[in-house]
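These are the residues of each chain, in order.
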Amino acid sequence: MKTIEDLDVAGKRVFVRADLNVPLSDGRITDDGRIRAVAPTIAKLVERGAKVVVASHLGRPKGAPDPQFSLAPVAERLGEILGRPVAFAADTVGESARSAVAALADGEVALLENLRFNAGETSKDDAERKAFAEQLAALADLYVGDGFGAVHRKHASVYDLPALLPHAAGDLIATEVGVLKKLTEDVERPYVVVLGGAKVSDKLGVIDNLLKKADRILIGGGMAYTFLKAKGHEVGISLLQEDQIPTVLGYLAEAEERGVEFVLPVDVLVSAEFPDLKGKTPANPDTVASDGIPADKEGLDIGPKTRELYAAKLADAGTVFWNGPMGVFEHPDYANGTKAVAQALIDSNAFTVVGGGDSAAAVRILGFDETKFGHISTGGGASLEYLEGKTLPGLAALEG
């Protein structure tokens, strides 16, 4: 896979496919981590005299312009981080985009409007996708793929466009791939995997693959209740995927057969109702043993004994991969499980990887120093699919 050092970019229009899919609240960016992650690649291209054309998706618009998903706030924040103005095109391949790109001098930056405002970006029809990619290609001389959070998508700007231009991977993607190789090819042991989040179905592929590689797997979040139910425990009104119980039982059996330590919560915080995440009204949860959840209550975080247990299971790790919060971390009464895992990663001497998505958001929202972790990924879904052993379309395109 070529890197940007392999490209002669001076005076050239360089299309940078970034992942600027940041959370917005009332038009304001609430977490700029993804913008900061790609900024060094853009800055390097600027320093080398490129005319940089940045493009990204944001949210899930339906293939047409939708003001709530505009990248305009991102253009402003990107300019602040780069310390230079960023021109903003009000469309993706129309007159505004063409004018913004034509006006660029060497070392200047423009950001196109949301790629998903054009149906061709996400189309499952190869011809429609390629036609949109050709329109994008007309805006550039070179292509740099640096949107790691989108490389598992077979989208026009990720998969089709690199085939139309000389291309290379940006620094962010190069770093992400290097880290994932350390999690799959040359692992320092003990290798501990911490999986949380809402649905066990989202993690089936990665559990299946990591059972062959990990020494220990710790389970938390909403997905834990399907495992607890599979062990015959009452889970009350907790999040449950009953149809996944046979699969979960298979994983527990395979873990025992392979000698992989599979650790489930021993206690949980429960409540009769889901917490208020806007006003953050005190929830006053009860702590109960994980095999004693009342029928009318739901589990919303791991309990204090589980926090201690998981910290102990992480203390001697050589490598840790963590994807998914331990509870409803957005509410202070249910954030302690996720805090405990994050702190245990910091306290260990392991190479620690936070696998993007809600885990990365939790690290920032809960106030942890990002530099204390080995790596915080910008792509939760992409990281998981890589660890499942899948071929990621965006990476395959860059290697072509």
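Scroll up to find the structure.
Residues numbered from 1 in each chain as written. Predicted model: local features only at pLDDT ≥ 70, side-chain atom pairs only at ≥ 80, totals over all residues. Heavy atoms only, no water.

A. Representation of the packing of aromatic side chains. In total, this model carries 3 aromatic pairs according to the counting rule given. Here the aromatic rings of Phe368 and Phe373 are separated by 6.5 Å at their centres, their planes lie at 75 degrees, and the arrangement is edge-to-face. Judged by relative accessible area, which is 15%, Phe368 ranks as buried. One cation-aromatic arrangement involves Lys182 over Phe351; the distance from NZ or CZ to the ring centre is 3.9 Å. (Phe/Tyr/Trp six-rings, centres within 6.5 Å; stacked < 30°, edge-to-face > 60°. Buried < 20%, exposed > 50% of the residue type's maximum accessible area, 1.4 Å probe, protein only. Lys NZ or Arg CZ within 6 Å of the ring centre and 35° of its normal.)

B. Highlighting the sheet that holds strand E12 (residues 267-271). Spatial ordering of the open sheet is given by E13-E12-E14, a layout of 3 strands whose pairing is antiparallel. Since the sheet does not close on itself, it has two edges, and those belong to strand E13 (286-289) and strand E14 (298-302), each with one partner. The average undirected angle you get between the axes of adjacent strands in this sheet is 45 degrees. Most of the contacts of helix H10 (residues 304-315) go to E14, to which it runs at about 40 degrees, and overall it touches E12, E13 and E14. (Pairing = 2+ DSSP bridges. Helix = DSSP H or I, 4+ residues; strand = E, 2+ residues; numbered from the N terminus. Axes fitted to C-alpha atoms, helices over the stretch in contact; angles between N-to-C directions. Contact = heavy atoms within 4.5 Å.)

C. Spotlight on the pairing of strand E4 (residues 51-55). A large share of E4 lies buried, amounting to 4 of its 5 residues. Strand direction decides the pairing type here: strand E1 (residues 13-17) and E4, joined by 5 bridges, are parallel. Pairing of Arg17 across the sheet is with Ala55, part of E4. Bridging between E4 and strand E6 (residues 109-111) involves 3 bridges; their strand directions are parallel. Looking across to E6, one finds that Val54 is bridged to Leu111.

D. Just unusual backbone geometry, in detail. Residue Pro190 follows Arg189 across a cis peptide bond; omega there is 0 degrees. Summarising the element assignment, Pro190 is placed in the loop between helix H6 (171-184) and strand E9 (191-195). The phi angle at Lys280 is positive, at roughly 55 degrees, despite the residue not being glycine. Within the fold, Lys280 resides in the loop between E12 and E13. Looking at Lys280, the relative accessible area reads 37%, which means it is partly exposed. Of note in this structure, Asn284 is not a glycine but carries a positive phi near 50 degrees.

E. Quick look at the pattern of salt bridges. Enumeration according to the criterion identifies 23 salt bridges in this entry. Across the pair Glu5 and Lys44 runs a salt bridge, and its minimum N-O distance is 2.9 Å. A residue pair is termed long-range when its members are at least 10 positions apart, and Glu5 in the segment before E1 and Lys44 in helix H1 (residues 33-47) qualify at 39 residues. Of the charged contacts, one joins Asp19 and Arg34 as a salt bridge, the two residues approaching to 3.3 Å between their closest N and O atoms. (Salt bridge = Lys/Arg side-chain N within 4 Å of Asp/Glu carboxyl O.)

F. Highlighting the environment of Pro265. Along the chain, Pro265 falls in the loop between strand E11 (261-263) and E12. In this structure Pro265 comes out as buried when scored by relative accessible area, which is 4%. For the pair formed by Pro265 and Ala361, sequence separation is 96 residues and the distance between their alpha carbons is 23 Å. Here Pro265 is in contact with Ile219, Ala224, Leu228, Ser290, Ile302, Thr306 and Tyr310, once residues within four sequence places are set aside.

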